[in-house]
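Spelled out from the first residue to the last, the chains are:
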Amino acid sequence: MAKKKNLTGREKAAVLLISLGPDVSARVYKHLTEEEIEKLTLEIAGVRKVDTETKEEVIQQFHQLALAQDYITQGGIGYAKDVLEKALGESEAMEIINRLTSNLQVRPFDFARKADPNQILNFIQNEHPQTIALILSYLESEQAGQILSALPQEVQANVAKRIALMDSTSPEIVNEVENILERKLSATVTQDYTQAGGIESVVEVLNSVDRSTERTILDALEIQDPELAEEIKKRMFVFEDIVTLDNRSIQRVIRDVENEDLQLALKVSSEEVKDIVFNNMSQRMAETFKEEMEFMGPVRLRDVEEAQTRIVAVIRRLEESGEIIIARGGGDDIIV
């Protein structure tokens, strides 16, 4: 390959793997998709010769990117930029950071997804609900669920509604909100232009909160925006929805969940739920369950709700792996 002033990313990858040798390259291949392997192999096959200067330049760039990524892991892009500026100068540091964020497609609020939910809560709980909604829509659903659960009840539904109705947000606003958290968390600002929010986003968040918070938010939304509340509920799965599963799926769920969780969950369930679950057990198992539930005595509502949440998590895992199918809203559509 003749020396090129501007190699493509794929060409640089080919040069790098050639320079690293077959053993290291083979280990790298294990982390690539089939499509990436095919394209990269074709690129390598087209290389006739790599001059020393090109090889050294590509290796140097890779080394700089690896260092920058390590700095980002340690303290965010802001930290990486400071370190690289001291080592390489402002111009070269920005070139590396821009190349890295472009290649890795760093999403907004990447730093927040690595932060403790309680820490984030302390900084955003007094912000405008729209600001809170924007931040939560970019977090992991479990993380966002913890924060939403901890917000005042009068704020929860407002924030959930704003997440559900959120469409794309301008990069300027996203960057402005990121800057606020950057100052408070000493973290980073990213340059991504991704879309967040929407019905699916709020459903994921609500599926990660406790049942009490979920009910509070949905009850409030039913008053504020009945159509939105109904649309959200159609896409959610709660323990009582087990009656919508086919017998084979229910039997699979029974096998996968803990007996104690199922007994707790059934303790306060409707007769319809109990009947359909017991009908999918052997007669001996059903009788044992009924006896143990009778001897269980009074139980805390919180324990029942936690057991139901764990069962729903198993159901969603089975659905995601394609082992069972969940009908949406009682119709023919499938939750994906």
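Structure shown above.
Structure report, in brief. (Residues numbered from 1 in each chain as written. Predicted model: local features only at pLDDT ≥ 70, side-chain atom pairs only at ≥ 80, totals over all residues. Heavy atoms only, no water.)

With respect to the overall build of the chain
Reasoning step 1: Each helix and strand counted, the chain has 19 helices and 0 strands in total.
Reasoning step 2: Considering the chain as a whole, with its 336 residues, one finds that 41% of them fall into the buried category.
Reasoning step 3: Within the chain, contacts between residues separated by at least 24 positions form 72% of all contacts whose residues are at least 6 apart in sequence.
Reasoning step 4: Split by element, the accessible area of the chain, about 19000 Å² in all, is 48% carbon and sulfur. (Helix = DSSP H or I, 4+ residues; strand = E, 2+ residues; numbered from the N terminus. Buried < 20%, exposed > 50% of the residue type's maximum accessible area, 1.4 Å probe, protein only. Contact = heavy atoms within 4.5 Å. Areas by Shrake-Rupley, 256 points an atom, 1.4 Å probe, with all protein chains shown as cover.)

Some thoughts on the nonpolar core
Reasoning step 1: Residues Ile124, Leu136, Leu148, Val159, Val202, Leu206 and Ile232 are the most contacted members of the largest nonpolar core, which totals 38 residues.
Reasoning step 2: Sorting the residues of this core by element identifies helix 7 (117–124), helix 8 (129–138), helix 9 (141–150), helix 10 (153–165), helix 11 (171–185), helix 12 (199–206), helix 13 (211–224) and helix 14 (226–235) as the ones contributing at least two each.
Reasoning step 3: For Ile232, the contacting residues outside a window of four places in its chain are Ala164, Ile199, Val202, Val203, Leu206, Leu218 and Leu221. (Core = buried A, V, L, I, M, F, W, Y, C linked by side-chain atoms within 4.5 Å.)

Some thoughts on a negative patch on the surface
Reasoning step 1: A cluster of acidic residues, Glu287, Glu291, Glu292 and Glu294, forms a negative patch at the surface.
Reasoning step 2: With respect to the helices and strands, the residue Glu294 is situated in helix 18 (residues 283–296). (Patch = residues over 30% accessible without salt bridge, like charges linked within 9 Å, V, L, I, M, F, W, Y side chains within 5 Å. Salt bridge = Lys/Arg side-chain N within 4 Å of Asp/Glu carboxyl O. Lys, Arg positive; Asp, Glu negative; His and termini not counted. Charge placed at Lys NZ, Arg CZ, Asp CG, Glu CD.)

Some thoughts on the packing of helix 16 (residues 259–267) against helix 17 (residues 271–278)
Reasoning step 1: Axis separation between helix 16 and helix 17 bottoms out at 9 Å; the angle between their running directions is 150°. The pairing of helix 16 with helix 17 is recorded here as roughly antiparallel in orientation. Of helix 17, the residues touching helix 16 (which contributes Leu262, Leu266 and Lys267) are Val273, Lys274, Val277 and Phe278.
Reasoning step 2: When grouped by side-chain class, the residues that make up the contact of helix 16 with helix 17 number 5 nonpolar, no polar and 2 charged. (Axes fitted to C-alpha atoms, helices over the stretch in contact; angles between N-to-C directions. Parallel < 35°, antiparallel > 145°, perpendicular 65-115°, else oblique. Nonpolar A, V, L, I, M, F, W, Y, C, P; charged D, E, K, R; others polar.)

Overview of the pattern of salt bridges
Reasoning step 1: For the coordinates displayed, the defined rule picks out 7 salt bridges.
Reasoning step 2: Of the charged contacts in the structure, one is a salt bridge between Arg317 and Asp256, with a shortest N-O distance of 3.7 Å. You can see Arg317 sitting in helix 19 (residues 301–320) and its partner Asp256 sitting in helix 15 (residues 247–256), a full 61 residues away along the chain.
Reasoning step 3: With a relative accessible area of 28%, Asp256 lands in the partly exposed category.
Reasoning step 4: Glu306 is paired through a salt bridge with Arg302; the nearest N and O atoms lie 3.2 Å apart. Of this pair, Glu306 and Arg302 are both found in helix 19, 4 residues apart, which corresponds to roughly one turn of the helix.
Reasoning step 5: The partly exposed category is assigned to Glu306, whose relative accessible area is 34%.
Reasoning step 6: According to the relative accessible area criterion, Arg302 is exposed, its value standing at 58%.
Reasoning step 7: Connected through shared salt-bridge partners, Arg252, Asp256, Arg317 and Glu323 make up one network.

Comments concerning the packing of helix 8 against helix 10
Reasoning step 1: As a packed pair, helix 8 and helix 10 sit with axes 8 Å apart at the nearest point and diverge in direction by 60°. Here helix 10 runs oblique to helix 8, going by the angle between their axes. In this structure, the crossing between helix 8 and helix 10 has a hand that is right-handed. For the pair helix 8 and helix 10, contact is made by Pro129, Gln130, Ile132, Ala133, Leu136 and Ser137 and by Asn158, Val159, Arg162 and Ile163, respectively.
Reasoning step 2: Looking at the contact of helix 8 with helix 10 residue by residue, the class counts come to 6 nonpolar, 3 polar and 1 charged. (Left-handed = near helix turned anticlockwise from the far one by under 90°.)

Some thoughts on the environment of Glu43
Reasoning step 1: Within the secondary structure, Glu43 sits in helix 3 (residues 34–45).
Reasoning step 2: Sequence separation between Glu43 and Lys12 is 31 residues; the distance between their C-alpha atoms is 9.7 Å.

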